[in-house]
Amino acid sequence: MKDKIFGVLQRIGRSFMLPIAILPVAGLLLGIGSSFTNETTIATYGLQKILGDGTVLHALLTIMNKVGSAVFDNLPLIFAVGVAIGMAKKEKEVSALSALIAYFVMNVAINGMLVVNGEITADGEIAKNVLEGTVASVCGIQSLQMGVFGGIIVGLGVAALHNRFHKIVLPNALSFFGGSRFVPIISTIVYMFVGIGMYFIWPPVQNGIYALGGLVTGSGYVGTLIFGIIKRALIPFGLHHVFYMPFWQTAVGGSMEVAGQMVQGGQNIFFAQLADSANVVHFSADATRYFSGEFIFMIFGLPGAALAMYRCAKPEKKKAAGGLLFSAALACMLTGITEPLEFSFLFVAPALFAVQVVLAGSAYMIAHMLNIAVGLTFSGGFLDFFLFGILQGNEKTSWMRVIPVGIIYFILYYVIFTFLIKKFDFKTPGREDDDTTTKLYTKADVNARKESSKKGDAGAAADPVSAMITEGLGGKSNISDVDCCATRLRITVKDAGKVKDEILKQTGSRGIVKKGQGVQVIYGPHVTVIKANLEDYLETAEDMPLGETTAFAEEAASEPEEVQTTSSKEQDSEKKVKETVIISSPITGNAVELSEVPDEGFAGKMMGDGAAVIPTDGMILAPEDGEVVFVFETKHALGFQTDSQMALLLHIGIDTVALNGQGFEVFVENGQKVKKGEPLMKIDISYLKEHAPSLCSPVLCTELGDNQKVRLLKEGEIKAGEPLFAVDVYEA
């Protein structure tokens, strides 16, 4: 259980990195834009002619400022989508879209509850009895002030729904909505109720968060020290993002009114003040207490540790160690990327990392005590220090105090690391045994050591169907692209000669169509689930020239089939027809045998049996009384269930899926009941003749039983509503 929780927290931490990664760019735009549109800065450096109001650069910088602010203003939505992508295991784009939809649905549901209960009007005005700060505008929707917590709730929840349902198999009548298409549907339904629930749940939770924030901010310098120690201690586990994010982005890190708006979270407060810097005397050190101290140990402290490791290296290894340590120290100073340095001494001497944790934690506290208020976007390197400290001026940030404190920290790190390395003979870079290469370690090395004890664990069970599909397609290395349409798995292979039909047929395929390097394996409407499983399998599968599935398939293919002494027609003639179902033509045109359709899949009856009609009239009508089960996104086909329980597929033209709905006008929707002869869709015959390979349109029964046979009733000219074919049902 402990390992499972740890693994989940690690994934959550990694998922936070995607939305956090945009912050440096947004902060850069906001920092430059705000700095060089500030009238005081412009006047101080005499740049009125270049950057003054009315100049081209001033306009550009103003836009940069607004673009940077837009990211910070919409962080909850960015977190919703980013966390969903990070936590989804497969088909992440589906999870992203579902999270976007769910985020709006949740806030609209909350808005509805606020309106119903009279807390806001239909025009969006907030009632007088509503506490200030509890209601805010979220992407133009008046909703509860949930901050990034709202986005995280959506991201984690949608990802859980996605991982649970993206391979769901629905009954045949609803199979079009199975697989990944089901995720946005279930997300919409679930988050409508989540929004209703949040109306009741969030206010007390918000009060608790405010109370926690008050406790943290009220703990003063000791609280800052504890925060810094915990954050650095979590670095080896990859959980520091989970820990610090609430302090940066939510009311846990404090709340403050800036430019007439209530802002929550240390980082958000800093950037809100930065956007309004003309009206700010000094940025809030209480807000920046969660990151200002990083500049002290990242720009000064850790480079001191790097110098200590270099000085302690063996003479013959100093040159190699020096080059590695210098580049690592430079990366730490400029960008705040500490992994090469921290993980090197964590890997070989955990005691040195314990020293680093205590020194780094104290740096947070000292920066807070000295009222240093330098902001950052991602990590405390010189680039952020220059943008959000030096450029903003010492009066607003007290950045100059970082330098003397930093020099002291450089000396502390150098002296302490030198003493401990020599005292305990730690094998830091350059002090390894003679047979060991000098290198800097990374988090991957630490994880590899942890995993080395688990090599005996059994891996996940292989997916036999996907394995057989892979073998049938000539192996993993022969597959260059995997996709699907409504009924077919569409694969692009490198060498079509390696494809083995006899293997693919054993995977449940109804047929195989080859066109050059394109292979279409027909499975039916549940193909989306097969595609998802195959993509999962290909990510981890090793490419085997001949696997067990191949051997099994070749053995099966070599077995002689039993010879039937009686033809199927003779067998049918011996049985009595107990029922006949008539299917009328939905199209006015020329009826033909299904075998005349210029597509192997349809002509070979791989998706079902029936007939085809070449339209001469653009109106497509309901063939019988029944229900529209599904309309394909590209409008070129629809599923239909007759009242006599016949499942039909109406497919207009050949390869018309590529037209993306052009030339089609659909009048019905999923689940709609219709009577025979009612319009289903209208097609532009001229457009389809010009852009599609053929207008020949199959009308298929897709779920025929073994005792059901199709009989064509009319060939040549036919009008919509006239009998097209019959389905004879024989006695068992």
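Just so it is clear, the model here is predicted, and its values are computed rather than measured. Every chain is numbered on its own, with residues counted from 1 as its sequence reads. Local features in this predicted model are restricted to residues of pLDDT 70 or higher, and side-chain atom pairs are both shown and tallied only at a pLDDT of 80 or more, whereas totals for entire chains, interfaces and linings draw on every residue. Side-chain measures were taken over the full set of non-hydrogen atoms in the model, leaving aside hydrogen atoms and water.

(A) Inspection of the sheet that holds strand S16 (residues 664-666) at higher detail. Strands were regarded as paired on the criterion that DSSP finds at least two bridges between them. Segments assigned H or I by DSSP are reported as helices when at least four residues long, segments assigned E as strands when at least two residues long, and all are numbered from the N terminus. Read from one edge of the open sheet, three strands run S12-S18-S16, paired in antiparallel fashion. Looking at the sheet topology across the chains shown, the edges are occupied by strand S12 (619-621) and S16. For this sheet, the mean inter-axis angle between neighbouring strands, taken without regard to orientation, is 20°. Two strands pair when backbone bridges link them, and S12 and strand S18 (residues 679-683) are joined in this way by three bridges, in the antiparallel orientation. In the sheet register, Ile620 faces S18, and the bridge partner there is Met681. Inter-axis angles, ranging from 0 to 180 degrees, are taken between N-to-C directions of lines fitted to C-alpha atoms, where helices are fitted over the stretch in contact.

(B) Region of the structure containing the nonpolar core. In this text, buried Ala, Val, Leu, Ile, Met, Phe, Trp, Tyr and Cys residues form a nonpolar core when linked through side-chain atoms within 4.5 Å. For every residue, the accessible area obtained with a 1.4 Å probe (protein chains only) is divided by the maximum for its type, and the residue is called buried under 20%, exposed over 50%, and partly exposed between those limits. Core analysis: the largest hydrophobic core is formed by 123 residues, its most contacted members being Val154, Phe297, Leu341, Leu352, Tyr413 and Phe417. The element best represented in this core is helix H14 (residues 294-311), accounting for eleven residues. A contact between two residues is defined here by any heavy atoms of the two lying within 4.5 Å. When neighbours within four sequence positions are excluded, Leu352 is seen to be in contact with Phe345, Phe417, Leu420, Ile421, Phe426 and Thr428. Grouped together as the second largest cluster of nonpolar side chains are 32 residues, Ala611, Ala622, Phe640 and Val668 included.

(C) Representation of a nonpolar patch on the surface. In this scheme, patches are assembled from residues that exceed 30% relative accessible area and form no salt bridge. Like charges are connected within 9 Å, while nonpolar side chains (Val, Leu, Ile, Met, Phe, Trp, Tyr) are connected within 5 Å. Computed with the Shrake-Rupley method and a 1.4 Å probe, the accessible areas treat only the protein chains shown as cover for residues. Salt bridges are identified by distance alone: a Lys or Arg side-chain nitrogen within 4 Å of an Asp or Glu carboxyl oxygen. A contiguous nonpolar patch, built from Leu307, Tyr310, Ile403, Ile407, Phe410, Ile411 and Val415 and spanning about 560 Å² of accessible area, is present on the exposed surface. The element that contributes the greatest number of residues to the nonpolar patch is helix H20 (residues 402-424), accounting for five residues. Using a relative accessible area of 47% as the deciding quantity, one classes Val415 as partly exposed.

(D) Inspection of the sheet that holds strand S15 (residues 647-651) at higher detail. Taken in spatial order, the eight strands make up an open sheet running S17-S13-S14-S15-S19-S11-S10-S21, and their pairing is antiparallel. Of all the strands in the sheet, the pair left with one neighbour each is strand S17 (673-674) and strand S21 (716-718). Taken together, the three bridges between strand S10 (residues 589-593) and S21 define a ladder with antiparallel strand orientation. Looking at S21, one finds that Ala591 is bridged to Gly716.

(E) Examining helix H22 (residues 464-472) more closely. Summarising burial for H22: seven of the nine residues are buried, a large majority. Among all positions of H22, only Ser466, Ala467, Met468, Ile469, Thr470, Glu471 and Gly472 are buried. Following H22 by one or two positions, Gly474 has its phi on the positive side, about 95°.

(F) Summary view of the side chain of Asp536. Structurally, Asp536 can be placed in helix H24 (residues 527-540). Using a relative accessible area of 16% as the deciding quantity, one classes Asp536 as buried. Once you skip the residues sitting within four places of it in the chain, Asp536 turns out to touch Lys90, His166 and Lys167.

(G) Expanded view of H14. Here H14 spans 25 Å end to end across 18 residues, near enough to the 26 Å set by a 1.5 Å rise per residue. Maximal helix bending in H14 amounts to about 30°, located at Gly301; proline Pro303 follows within four positions. With 15 of 18 residues buried, H14 lies mostly within the body of the structure. To estimate the expected span of a helix, subtract one from its residue number and multiply by 1.5 Å. Bend angle per residue: angle between axes fitted to the 7 residues ending at that residue and the 7 residues starting there.

(H) Expanded view of the packing of H14 against helix H17 (residues 350-369). At a minimum axis distance of 8 Å, the contact between H14 and H17 shows a crossing angle of 130°. Considered as vectors, H14 and H17 are oriented oblique to each other. Across from Glu294, Ile296, Phe297 and Leu302 in H14, the residues of H17 making contact are Gln356, Ala360, Ala363, Tyr364 and Ala367. Gly is put with the polar residues, along with every residue not named as nonpolar or charged; the nonpolar set is Ala, Val, Leu, Ile, Met, Phe, Trp, Tyr, Cys and Pro, and the charged set is Asp, Glu, Lys and Arg. When grouped by side-chain class, the residues that make up the contact of H14 with H17 number seven nonpolar, one polar and one charged. Orientation labels follow simple angle bins: below 35 degrees gives roughly parallel, above 145 gives roughly antiparallel, 65 to 115 gives roughly perpendicular, and whatever is left gives oblique.

(I) Highlighting the pattern of salt bridges. Per the counting criterion, the structure on display carries eleven salt bridges. Here Asp609 and Lys605 are joined by a salt bridge, their closest N and O atoms 3.5 Å apart. A salt bridge links Lys714 to Glu722; the nearest nitrogen and oxygen atoms lie 2.9 Å apart. Glu722 gets classed as partly exposed once you look at its relative accessible area, which sits at 27%.

(J) Spatial organisation of the confidence of the model for the protein. Of the residues in the protein, 85% reach a pLDDT of 70 or more, and the chain-wide mean stands at 82. Every residue gets a pLDDT, meaning the predictor's confidence in that residue, from 0 to 100. Confidence drops under a pLDDT of 50 for residues 452-461, and excluding neighbours within four residues, the segment shows zero contacts in the predicted structure. Confidence drops under a pLDDT of 50 for residues 546-568, and excluding neighbours within four residues, the segment shows 17 contacts in the predicted structure.

(K) Structural context of the pairing of strand S2 (residues 141-144). Pairing of strand S1 (residues 135-138) with S2, which is carried by four bridges, proceeds in the antiparallel orientation. The residue bridging Ala136 from the neighbouring strand is Ser143, located in S2. Where S1 hands over to S2, the hairpin turn is made up of two residues, of which Cys139 adopts a positive phi near 50°.

(L) Focus on unusual backbone geometry. In the Ramachandran plot, Gln645 falls in the positive-phi region, its phi being about 70° despite a non-glycine side chain. By the element assignment, Gln645 lies in the loop between strand S14 (637-642) and S15. By relative accessible area, which is 58% here, Gln645 ends up exposed.

(M) Looking closely at the environment of Leu325. Tracing the backbone through its elements, the reader meets Leu325 in helix H15 (residues 318-335). With 16 residues separating them in the primary sequence, Leu325 and Leu341 have C-alpha atoms 7.5 Å apart.

(N) Up close: the pairing of S10. Pairing between S10 and strand S11 (residues 609-615): five bridges, direction antiparallel. In the sheet register, Val592 faces S11, and the bridge partner there is Ala612.

(O) Layout of the packing of aromatic side chains. For this analysis, a ring pair means two rings from Phe, Tyr or Trp (six-membered ring only for Trp) whose centres lie within 6.5 Å, classed as stacked if their planes differ by under 30 degrees, edge-to-face if by over 60, and tilted for the remaining angles. Under the defined criterion, the tally for this structure stands at 23 aromatic pairs. Seen in terms of ring centroids, Phe630 and Phe632 are 5.0 Å apart; in terms of plane orientation they differ by 85°. Their pairing is edge-to-face. Phe632 carries the same exposure label as Phe630, and that label is buried. By way of ring pairs, the aromatic residues Phe227, Phe247, Tyr290, Phe297 and Tyr364 are connected into one cluster. The ring of Tyr244 is capped by Lys231, whose NZ or CZ atom sits 4.5 Å from the centre of that ring. Here the guanidinium or amino end of Lys318 rests over the ring plane of Tyr310, the centre of that ring lying 5.4 Å away. Note on geometry: a ring has a charge over it if NZ (lysine) or CZ (arginine) is within 6 Å of the ring centre and within 35 degrees of the ring normal.

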